Amino acid sequence: MRRPSRKDAEDRRDWLDPDIIECLADVLDPEVGISVVHLGLVYRAVRTSERIDVDLTLTARTCPLAGLIVDDARACLRRRFNDCPTIVVRLVWTPVWTPDRMTERGLALLGHPPRGQA
């Protein structure tokens, strides 16, 4: 599997609205107690005046709490963006999640050293 390039990271930022990401940082994966943002589970978060669309994944397809995480994300977005008429949160499975998607904060919360340090 190829490692994400700098261009991939730049393209991904275009799909991540910072206000939505800030909001979703409050949504925790209940199995590990870390935000879906810091786990790198949010693949797309875009907003217009009429709609918010979020695509997120899980660390495993068999996660028994998938519905809870999606519902929590939707509720969090509704509280923050209560004037937005349509909020859609979808589970997606491609690309497959890997730990490479985690933020430095997520790695630290799991006790891992920062990238580039062993």
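Look a little higher up for the structure.
Residues numbered from 1 in each chain as written. Predicted model: local features only at pLDDT ≥ 70, side-chain atom pairs only at ≥ 80, totals over all residues. Heavy atoms only, no water.

A. Here's a closer look at the environment of R105. Looking at the secondary structure, you find R105 in helix α4 (residues 104-109). For the pair formed by R105 and V37, sequence separation is 68 residues and the distance between their alpha carbons is 9.7 Å. (Helix = DSSP H or I, 4+ residues; strand = E, 2+ residues; numbered from the N terminus.)

B. Seen up close, the sheet that holds strand β3 (residues 42-47). One open sheet holds the three strands; their spatial order is β3-β4-β5, and the pairing between them is mixed. Single-partner strands in this sheet number two, and they are β3 and β5 (86-91). Strand-to-strand twist of the sheet, defined as the mean angle between neighbouring strand axes without regard to direction, takes the value 5 degrees. Strand direction decides the pairing type here: β3 and strand β4 (residues 51-56), joined by five bridges, are antiparallel. (Pairing = 2+ DSSP bridges. Axes fitted to C-alpha atoms, helices over the stretch in contact; angles between N-to-C directions.)

C. Quick look at the environment of I21. Within the fold, I21 resides in helix α2 (residues 18-24). Note on I21: relative accessible area 17%, which makes it buried. Apart from residues lying up to four places away in sequence, I21 is in contact with L16, V37, V42 and A45. (Buried < 20%, exposed > 50% of the residue type's maximum accessible area, 1.4 Å probe, protein only. Contact = heavy atoms within 4.5 Å.)

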